[in-house]
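Here is what each chain is made of, one letter per residue.
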Amino acid sequence: MAKFIQEFKAFALKGNVMDMAVGVIIGGAFGKIVTSFVADVLMPPIGVLLGGVDFNDMKVTLKDATVNEAGEAIEAVTLNYGTFIQNVVDFLIIAICVFLMIKGINKLSNLKKKEEVPAEPEPEPAPTKEELLLTEIRDLLKEKK
């Protein structure tokens with residue numbers, strides 16, 4: 001059990017896990033902001049343009065509400081396509097934002113890669129006089145053998 005706890009601690013304290021946790025928290029908050037933007041700012045004017053439609057009220061009733069024999073109310077069964085439309089708009093806005101963010105990050109990382117590309121290596125220097133002399137001696141010794 002102690003080994004498991006140590007492994008989990010090592011995993012949880014890695015930089016990538018912490019970065020991911022921060023991203024999930026910020027993403028959740030961003031999702032709420034987008035949901036509010038769509039429901040409270042974007043969809044009401046669209047509803048007005050469509051003749052005063054409230055997207056939250058857009059639904060198809062599959063089965064009307066009834067009262068059973070015991071006197072308990074049974075809710076109506078509805079297909080809430082207006083809420084679905086709002087959720088699709090939420091998704092599209094978030095998807096576009098994520099796309100733009102990733103595109104920007106890739107552009108920045110490509111700039112860094114271009115900066116990090118090392119210059120062409122310098123050509124090897126010409127051999128010194130001593131190296132040339134030693135090469136000649138070596139070649140002469142090979143010829144004598």
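Residues numbered from 1 in each chain as written. Predicted model: local features only at pLDDT ≥ 70, side-chain atom pairs only at ≥ 80, totals over all residues. Heavy atoms only, no water.

### Observations concerning the nonpolar core
Right, so step 1: In terms of nonpolar packing, the biggest core is built from six residues, these being Val-34, Val-38, Met-43, Phe-55, Met-58 and Val-89.
Right, so step 2: By residue number, the principal contributor to this core is helix α2 (residues 15-49), which donates three residues.
Right, so step 3: Residue contacts for Val-38: discarding those within four places in its chain leaves Met-43, Pro-44, Gln-86, Val-89, Asp-90 and Ile-93. (Core = buried A, V, L, I, M, F, W, Y, C linked by side-chain atoms within 4.5 Å. Buried < 20%, exposed > 50% of the residue type's maximum accessible area, 1.4 Å probe, protein only. Helix = DSSP H or I, 4+ residues; strand = E, 2+ residues; numbered from the N terminus. Contact = heavy atoms within 4.5 Å.)

### Let's talk about the layout of surface pockets
Empty space among the atoms can be located by rolling a probe the size of a water molecule over them.
Right, so step 1: In this model, the largest pocket occupies a volume close to 160 Å³.
Right, so step 2: Along its surface, the largest pocket is lined by Ile-26, Gly-27, Phe-30, Ile-94, Cys-97, Val-98 and Met-101.
Right, so step 3: For the lining of the largest pocket, the secondary-structure elements that each account for two or more residues are α2 and α3 (81-116).
Right, so step 4: For the lining of the largest pocket, the leading source of residues is α3, giving four residues.
Right, so step 5: For the lining of the largest pocket, the class distribution of residues is six nonpolar, one polar and no charged. (1 Å grid on protein atoms, 1.4 Å probe; cavity = no way out; pocket = protein on both sides within 12 Å on 5 of 7 lines; lining within 4 Å. Points joined across faces, edges and corners; volume = space filled by probe spheres on them. Nonpolar A, V, L, I, M, F, W, Y, C, P; charged D, E, K, R; others polar.)

### So, the confidence of the model for the protein chain
When pLDDT drops low, the exact placement of atoms in the prediction is not to be read closely.
Right, so step 1: Put simply, the protein chain has an average pLDDT of 85, and 96% of its residues get 70 or more.
Right, so step 2: Taken element by element, the predicted model of the protein chain shows its lowest mean pLDDT in helix α1 (residues 2-12) (82) and its highest in strand β4 (residues 77-79) (93). (pLDDT = per-residue confidence, 0-100.)

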